[in-house]
Amino acid sequence: MTPEHEPVMLSQVVGLLDANRGFCTGECIVDCTLGLGGYSEKILESMPDVSVCAIDRDETAVQIAKRRLAQYGDRFEALHSNFGDMEEILPESRRICAFVFDLGVSNMQLTEAGRGFSFGNDGPLDMRMNQTGDTKTASDVLLTLSERELSDIFWVYGEERFSRRLAAKIVKDREKGLCPRTTGELVALIRDVLPAPVQRKMGANPARRLFQALRIYVNDELGELEAGLSATKKLAVDGAVVIVVSYHSLEDRIVKCTFRGWEKEERLGNILTKHPLVPDDSEIEKNFKARSAKLRAFRFGGR
Ligand SMILES: C[S@@+](CC[C@H](N)C(=O)[O-])C[C@H]1O[C@@H](n2cnc3c(N)ncnc32)[C@H](O)[C@@H]1O
């Protein structure tokens, strides 16, 4: 079965790209988070004068998108890499008029049990977006970090109130030779630690916060976002736009503060979204993942 991913806020993203096209002479749009190619496809289809250079650190996603978008020939190029490394990997000849980021994981990654992202599907506790590198898996992280480090990760990246208790339980089990190796084992450990009334309040997802925290840590998601935004500043030509769709407050804060700094302190251009754009009710009804999306955009240059 072909994996699927419903692109979030697609019409707003393409609308902004289109509306700002006239400000910039560049001819290449960088899709920094290719996934299955939903954004790239719509851009290639609706903006015939541009080419798309796309990046993803998930090799499977790159292969699938390459096959899906082969019909666009040399207007589409897909690179297997981190967007934080954009400066090194993008061909120098490209004149870039826009960068688009759609952060987090795709539905394909979430629903495939073997990737270990989902607390709903039992599988190996992996969580690496790039399974070809030497990054530690989530299971390695639980096995090797100190109690203090684990507790900080759960608190800072997951705002998990029971971070200390959870870290203590993991380390205590570890000393007995036990450590969660699968998503199911980690969910069971969380259920063992969290008080019953808290679990009842959280409904079916008592593991959500800890899974989010581990995923952010394993993939250095916030460091990558900072590096990616900083690279756009160096690569953009006058009039180029940066559009970011984010899904939690830690990411959104980085985007908001970076754009503010660029506008107010560095005077590099203008914020195009005074308030973040959000999906409308009908999109949220169709696609539950969209409910937490926030879109912010910035345009480089003085015009
Ligand atoms: C939400 S999906 C993108 C979906 C895409 N817009 C679409 O419509 O099909 C996010 C993708 O970004 C990739 N990704 C996340 N962080 C990345 C990074 N730092 N560098 C490269 N790719 C990254 C993930 O592997 C995932 O495939």
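The structure presented is a predicted model; accordingly, all values stated were derived computationally and were not measured. (Residues numbered from 1 in each chain as written. Predicted model: local features only at pLDDT ≥ 70, side-chain atom pairs only at ≥ 80, totals over all residues. Heavy atoms only, no water.)

Caption draft 1: The packing of helix H8 (residues 163-175) against helix H9 (residues 183-193), seen in detail. Between H8 and H9, whose axes approach to 10 Å, the crossing angle comes to 120°. Here H8 is positioned oblique relative to H9, judged by the angle of their axes. When the axes of H8 and H9 are compared, the crossing they make is right-handed. Facing H8, whose interface residues are Arg165, Leu166, Lys169, Ile170 and Asp173, H9 presents Leu189, Ile190, Asp192 and Val193. A class-by-class count of the residues in the contact of H8 with H9 yields five nonpolar, no polar and four charged. (Axes fitted to C-alpha atoms, helices over the stretch in contact; angles between N-to-C directions. Helix = DSSP H or I, 4+ residues; strand = E, 2+ residues; numbered from the N terminus. Parallel < 35°, antiparallel > 145°, perpendicular 65-115°, else oblique. Left-handed = near helix turned anticlockwise from the far one by under 90°. Contact = heavy atoms within 4.5 Å. Nonpolar A, V, L, I, M, F, W, Y, C, P; charged D, E, K, R; others polar.)

Caption draft 2: Geometry of the environment of Asp140. Structurally, Asp140 is set in helix H6 (residues 138-144). On the accessibility criterion, Asp140 (28% relative accessible area) is partly exposed. The spatial distance from the C-alpha of Asp140 to the C-alpha of Asp238 is 44 Å, given a sequence separation of 98 residues. (Buried < 20%, exposed > 50% of the residue type's maximum accessible area, 1.4 Å probe, protein only.)

Caption draft 3: Broad picture of the nonpolar core. Counting residues in each nonpolar core, the largest one holds 62 residues, and the members touching the most others are Leu17 and Phe101. Of the residues forming this core, the biggest block, eight residues, is contributed by strand S5 (residues 236-246). When neighbours within four sequence positions are excluded, Phe101 is seen to be in contact with Cys32, Thr33, Phe83, Met86, Gly228, Leu229, Thr232, Val242, Ile243, Val244 and Val245. Grouped together as the second largest cluster of nonpolar side chains are 32 residues, Ile153, Phe162, Ile190 and Ala207 included. (Core = buried A, V, L, I, M, F, W, Y, C linked by side-chain atoms within 4.5 Å.)

Caption draft 4: A look at the environment of Gln109. With respect to the element layout, Gln109 can be found in helix H5 (residues 107-111). Separated by 102 residues in the primary sequence, Gln109 and Pro7 have C-alpha atoms spaced 14 Å apart. Setting aside anything within four residues of it in sequence, one finds Gln109 in contact with Asp58, Arg115, Phe117 and Met129. Only 2.7 Å separates the side chain of Gln109 from the side chain of Asp58, close enough to count as a polar contact. (Polar contact = N/O pair within 3.5 Å; in protein donor to acceptor, adjacent residues only side chain to side chain.)

Caption draft 5: Quick look at the packing of aromatic side chains. Applying the stated criterion to the full structure yields seven aromatic pairs. Ring geometry for Phe83 versus Phe101: centroids 5.0 Å apart, planes at 90°, classification edge-to-face. Of this pair, Phe83 sits in the loop between strand S3 (76-80) and helix H4 (86-89) while Phe101 sits in strand S4 (residues 96-102), placing them 18 residues apart in sequence. A single burial state applies to Phe83 and to Phe101, both of which are buried. Judged by centre distance (5.0 Å) and plane angle (40°), the ring pair of Trp262 and Phe300 falls under tilted. In this pair, Trp262 is assigned in helix H13 (residues 249-265) and Phe300 in strand S7 (residues 294-300), connecting sequence segments 38 residues apart. By relative accessible area, which is 3% here, Trp262 ends up buried. One residue, Lys289, lies across the ring of Tyr247, its end atom 4.3 Å from the ring centre. In this structure, Arg291 is placed above the aromatic ring of Phe288, and the distance from its NZ or CZ to the ring centre is 3.9 Å. (Phe/Tyr/Trp six-rings, centres within 6.5 Å; stacked < 30°, edge-to-face > 60°. Lys NZ or Arg CZ within 6 Å of the ring centre and 35° of its normal.)

Caption draft 6: View of the site of the ligand. Taken together, 25 residues sit near the ligand, with Asp56, Phe83, Asp102, Gln109 and Glu224 positioned nearest. Taking Gly38, its main chain carries an N or O atom lying 3.1 Å from an oxygen atom of the ligand. Relative to its unbound accessible surface of 610 Å², the ligand loses 99% to contact with the protein. Its residues assigned to classes, the shell around the ligand shows nine nonpolar, ten polar and six charged. (Near = heavy atom within 4 Å. Areas by Shrake-Rupley, 256 points an atom, 1.4 Å probe, with all protein chains shown as cover.)

Caption draft 7: Helix H11 (residues 208-218), seen in detail. Summarising burial for H11: eight of the eleven residues are buried, a large majority. All buried positions along H11 are accounted for by Arg209, Leu210, Phe211, Ala213, Leu214, Arg215, Ile216 and Val218. Downstream of H11 by one or two residues, Asp220 has phi in the positive range, about 45°.

Caption draft 8: A look at H8. End to end, H8 covers 19 Å across 13 residues, agreeing with the expected 18 Å (1.5 Å per residue, within 8%). Every buried residue of H8 is accounted for by Ser163, Leu166, Ala167, Ile170, Val171 and Asp173. For H8, the arc enclosing every buried residue in end-on projection is 160°, short of the 170-degree limit, so these residues lie on one face. Facing away from the buried side of H8 by over 90 degrees, the exposed positions are Arg164, Lys172 and Glu175. Of the surrounding elements, those touching the buried residues of H8 are H6, helix H7 (147-158), H9 and H11. Phi turns positive one or two residues past the end of H8, at Gly177, with a value near 85°. (Expected span 1.5 Å × (residues − 1). Arc of directions from axis to C-beta.)

Purely spatial values, then, with no claim about function.
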